[in-house]
Amino acid sequence: MRILAVANWDFEQLPTPWAAQRLDALRRLGFAIDVLGEDCVSDRRGYFRLWRALNRRLATGKYDLVAPLYGSFLGLL
């Protein structure tokens, strides 16, 4: 199963421990994980960039599940 994890912060620059642990646990179970992150905290326009990037990724059709790494607005995307 291929999972796209979506973060509303730059996960590459700031891999928060709880999110990294969650993704590592899923990888140990055999899931393939890709992370899509965009800084929406310091720049609210990041949500629009994230929306566009998410749509591009989903158009590939290679994901079985999309998992927001943080609740709030990400669940709506």
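A. Quick peek at the pattern of salt bridges. For the coordinates displayed, the defined rule picks out five salt bridges. Residues R27 and D24 are paired through a salt bridge, measuring 3.7 Å at the closest nitrogen-oxygen approach. With R27 and D24 both in helix α1 (residues 17-28) and three residues apart, the pair spans about one turn of that helix. Taking relative accessible area as the criterion, D24 reaches 36% and is therefore assigned partly exposed. We note a salt bridge from D43 to R49, for which the minimum N-O separation is 3.3 Å. When salt bridges with common partners are traced through the structure, they connect E38, D43, R45 and R49 into a single cluster.

B. Representation of the environment of A20 in the model. Tracing the sequence through the fold places A20 in helix α1. For the pair A20 and L69, spaced 49 residues apart in sequence, the C-alpha separation works out to 9.8 Å.

C. Expanded view of the pairing of strand β2 (residues 32-37). As paired elements, strand β1 (residues 2-7) and β2 share six bridges and run parallel to each other. Along β2, the bridge assignment pairs I3 with I33.

D. Summary view of α1. Here α1 is 12 residues long and its end C-alpha atoms lie 16 Å apart, about the 16 Å a rise of 1.5 Å per residue gives. Within two residues after α1, G30 carries a phi angle of roughly 100°, on the positive side.

E. Region of interest: the sheet that holds β1. Taken together, three strands build an open sheet; the order of strands is β2-β1-β3 and the sheet is parallel. Pairing within the sheet leaves two strands with one partner each, and these edge strands are β2 and β3 (65-68). Each neighbouring strand pair of the sheet contributes to a mean axis angle of 25°, computed without reference to strand direction. Packed on one face of the sheet, α1 meets β1, β2 and β3 and runs near 155° to β2.

Criteria and cut-off values
Residues numbered from 1 in each chain as written. Predicted model: local features only at pLDDT ≥ 70, side-chain atom pairs only at ≥ 80, totals over all residues. Heavy atoms only, no water. Salt bridge = Lys/Arg side-chain N within 4 Å of Asp/Glu carboxyl O. Helix = DSSP H or I, 4+ residues; strand = E, 2+ residues; numbered from the N terminus. Buried < 20%, exposed > 50% of the residue type's maximum accessible area, 1.4 Å probe, protein only. Pairing = 2+ DSSP bridges. Expected span 1.5 Å × (residues − 1). Axes fitted to C-alpha atoms, helices over the stretch in contact; angles between N-to-C directions. Contact = heavy atoms within 4.5 Å.

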